[in-house]
Amino acid sequence: MRMSNNSQRVISEETKRKLQLSWLEARGMKFRNIRCPICNYVVAKIPVNQKEMLYVKCQKCKEENYLSPIYFRTVKKLQPIG
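Residues numbered from 1 in each chain as written. Predicted model: local features only at pLDDT ≥ 70, side-chain atom pairs only at ≥ 80, totals over all residues. Heavy atoms only, no water.

1. Some words on the environment of K57
Relative to the elements of secondary structure, K57 occurs in strand 3 (residues 54-57). You can call K57 partly exposed: its relative accessible area is 49%. Between the C-alpha atom of K57 and that of A44, which follows or precedes it by 13 residues, the distance is 9.3 Å. Ignoring any residue separated from it by four or fewer positions in sequence, one finds K57 in contact with K62, E63 and E64. (Helix = DSSP H or I, 4+ residues; strand = E, 2+ residues; numbered from the N terminus. Buried < 20%, exposed > 50% of the residue type's maximum accessible area, 1.4 Å probe, protein only. Contact = heavy atoms within 4.5 Å.)

2. As for the side chain of R32
Along the chain, R32 falls in strand 1 (residues 31-35). Buried R32, no salt bridge; nearest opposite-charge side chain is E52, N-O distance 9.7 Å. From its side chain, R32 meets the backbone oxygen of P69 in a polar contact 2.9 Å long. (Lys, Arg positive; Asp, Glu negative; His and termini not counted. Salt bridge = Lys/Arg side-chain N within 4 Å of Asp/Glu carboxyl O. Polar contact = N/O pair within 3.5 Å; in protein donor to acceptor, adjacent residues only side chain to side chain.)

3. Some remarks on the packing of aromatic side chains
Applying the stated criterion to the full structure yields one aromatic pair. Taking 5.0 Å as the distance between ring centres and 55 degrees as the angle between the ring planes, the aromatic pair formed by Y55 and Y66 counts as tilted. Within this pair, whereas Y55 is found in strand 3, its partner Y66 is found in strand 4 (residues 64-67), the two being separated by 11 residues in sequence. You can call Y66 exposed: its relative accessible area is 62%. (Phe/Tyr/Trp six-rings, centres within 6.5 Å; stacked < 30°, edge-to-face > 60°.)

4. Focus on the pairing of strand 3
Burial along strand 3 is one-sided: the face carrying L54 and V56 is buried and the face carrying Y55 and K57 is not. In the sheet, strand 3 pairs with strand 4 via four bridges, with the strands oriented antiparallel. Pairing of V56 across the sheet is with N65, part of strand 4. With antiparallel pairing between neighbouring strands as the criterion, strand 3 and strand 4 make up a hairpin whose turn holds six residues, including K62 at a positive phi of roughly 70 degrees. (Pairing = 2+ DSSP bridges.)

5. Here's the deal with the environment of R35
Along the polypeptide, R35 turns up in strand 1. Once the C-alpha coordinates of R35 and V56 are considered, the two residues, 21 residues apart in sequence, prove to be 9.7 Å apart. Dropping the residues within four chain positions of it, R35 is found in contact with N40, Y41, V42, V43 and L67. Engagement of the side chain of R35 in a polar contact is seen with the backbone oxygen of N40, the distance being 2.8 Å.

6. Focus: unusual backbone geometry
In this model, N40 sits at a positive phi of 70 degrees, which is unusual for a non-glycine residue. In this structure, N40 sits in the loop between strand 1 and strand 2 (42-47). By relative accessible area, N40 is classed as partly exposed at 48%. One non-glycine residue, K62, adopts positive backbone phi at about 70 degrees. Take K62: it is sitting in the loop between strand 3 and strand 4. Note on K62: relative accessible area 51%, which makes it exposed.

Listed below in structure tokens is the structure:
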């Protein structure tokens, strides 16, 4: 088993504060999955309001692409009434 050196790393108080603030800000956000267009594997989890281009590499099929979240969103199907 490989041991990580992360246990020896010292994190400054400023970095701890930034991590805590980031976590608190992200806690109230809604996220959605971006899937690989080739094999449908989840390649990223992004905020629902993000519109910037992403560069992703699929861990399953190894495809590398630039993806626009605007084009790769899932539209929920409407439920029939009645």
